[in-house]
Amino acid sequence: MKPLDLGADVVELAAAPGPFTRPQPLREMAYRADAWTPAETERLRTLFLDDTAIADMALALGRGRAAVAERIALLGLRRNSARAWTELDDGELTRRYGGEPTATIASDLGRSCSAVYARARILDLTEGNPPEWSPWEDAQLVEGYRRGVPLTQIATLIGRPFGGLSSRAGTLGIVHANHPPDWSAQETARALELAEAGHRYTAIVDMLAGEGFPPRTIRGFGLAIRKLGYGRGWGRAWTPEEDALLQKAYGEGTSLTPLRRQLGRTSGSLRHRAEYLELRGRHANRNGWRVGPDWTDAEETRLRADYGRVPTKLLAARMGRTKAALTSRASSLGLVHGYIRPFSDEETRALDIAFRTGVSIADLAVALDRKAMSLSKYATNHGYQFGRRPRRTVTLEALLAAA
């Protein structure tokens, strides 16, 4: 049969009438006092496209922040901002990143989650990704798993954490020769990750059960994880080789921290063994457990003088140490950062005046000689929501006189 070519004006081949039901009469909708009007919705769209923060939108519309956020989600609006990050934005991100959900921070700053992640990486708020696995590392891992080598020794050989070993093993599709028969690869990886984080076995068993893994007994869990080669040195006799390694570390004055992983023992176990071998007090460094160099008297004097006055990142670079090392040492010395000093009555009064007179939080921070993120946190805790405001130069004296 020859196919039929349809003309361009054909819109229907056959009529297909169906049973039409009578439409139901329209009924009146119940009135809701909190319903969004078309004008409010259009106003919300305009504010959103102008990259206005949600807190400022709520003030402009006279609604709660949660109601505005819910309406934005229902309308399907998405941020696509190219605004430059201000000093206040960076300060707020630094203060809250890692302690609050990223989605909440992004919503408050009027940015996308990806923008927050990218900015956090630029500000060194997140750790960089671990290096790619080399063919040599993969070969050692595969052979170690095939031979049933304890994970502690494989980690020491390759220089990777237990979590990295199990994750890479899952990617390569290999299973340790001593892998418990009724354990999944995911359960093994999670158990090793929690054990390496320092949690007790009783807590790990509860955590795994809470995450949906099969419930385990403490005895069964301990036997299974030790069979894989992970041990904390509890109840295990010291060998002459281990004693020699500990004595060598004390004799050469090297850090004792790597011995915890190399020997699979706790810090307490190493200290007790050092005392048994009469090594306590003979280490060349005051703190043999520190990986980095010991703090000298001159460095501590400089830290006391500059901590809180010089930016921590800059001070760390000048002293050749990490920010974490500086803050840890400052905490042990009882030092308090400058922007954490108590607020005086004058500063509290200036905060109230600045809020009522339209002064921005960044300008107020300059006038009070404080960090903007610290001042923003203090203001929020005391019920002041500044939002976005135009910048202008002010002084503490001018603010107090404006009252």
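Description of the structure in this document. (Residues numbered from 1 in each chain as written. Predicted model: local features only at pLDDT ≥ 70, side-chain atom pairs only at ≥ 80, totals over all residues. Heavy atoms only, no water.)

**Here we look at the overall build of the protein**
Operational definition: Helix and strand labels come from DSSP, where a helix needs a run of H or I of at least four residues and a strand needs a run of E of at least two; each type is numbered from the N terminus. Only protein chains enter the accessibility calculation, which uses a 1.4 Å probe; a residue is then buried when its area is under 20% of its type maximum, exposed when over 50%, and partly exposed in between. The contact definition used throughout considers only heavy atoms, calling two residues in contact when any of these lie within 4.5 Å. For the area figures, the Shrake-Rupley method with a 1.4 Å probe applies, and any residue is considered shielded solely by the protein chains shown.
Tallying secondary structure elements over the protein gives 22 helices and 0 strands in all. Out of the 403 residues belonging to the protein, those deemed buried represent 36%. Considering only residue pairs separated by 6 or more positions, the protein has 65% of its internal contacts joining residues 24 or more positions apart. Approximately 25300 Å² of the protein is accessible, and the part contributed by carbon and sulfur atoms is 54%.

**Things to note about the pattern of salt bridges**
Inclusion rule: Any Lys or Arg side-chain nitrogen located within 4 Å of an Asp or Glu carboxyl oxygen qualifies as a salt bridge.
Going through the model one piece at a time under the given rule, you end up with 15 salt bridges. A salt bridge links Arg146 to Glu143; the shortest N-O distance between them is 2.5 Å. In this pair, Arg146 and Glu143 both sit in helix α7 (residues 135-147), 3 residues apart, roughly one turn of the helix. Given the relative accessible area of 28%, Glu143 is considered partly exposed. Of the charged contacts, one joins Arg356 and Asp352 as a salt bridge, the two residues approaching to 2.9 Å between their closest N and O atoms. Within this pair, Arg356 and its partner Asp352 are both found in helix α19 (residues 345-357), separated by 4 residues, close to a single helical turn. What emerges from the salt-bridge pattern is a single network uniting Glu92, Arg95 and Arg96.

**Comments concerning unusual backbone geometry**
Positive phi is not limited to glycine here, since Glu278 has a value of about 60°. Mapped onto the elements, Glu278 comes out in the loop between α15 (267-276) and α16 (297-306). Unlike most non-glycine residues, Asp369 shows phi in positive territory, near 60°. Along the polypeptide, Asp369 turns up in the loop between α20 (361-368) and α21 (372-381). Under the relative-accessibility criterion, Asp369 is labelled exposed at 63%.

**Here we look at the packing of aromatic side chains**
Just so we agree on the cut-off: Centres within 6.5 Å make a pair out of two Phe, Tyr or Trp rings, where for Trp the six-membered ring is used; the pair is then stacked when the planes are under 30 degrees apart, edge-to-face when over 60, and tilted otherwise.
For the coordinates displayed, the defined rule picks out 5 aromatic pairs. Note on Tyr201 and Phe221: the rings are 5.4 Å apart at their centroids and 70° apart in plane angle, and the pair reads as edge-to-face. Taken together, the positions of Tyr201 in helix α11 (residues 201-210) and Phe221 in helix α12 (residues 218-227) put the pair 20 residues apart, joining distant regions of the chain. Neither residue differs from the other here; Tyr201 and Phe221 are each classed as buried. Put simply, the rings of Trp183, Tyr201 and Phe221 touch in pairs and so form one group of aromatic residues.

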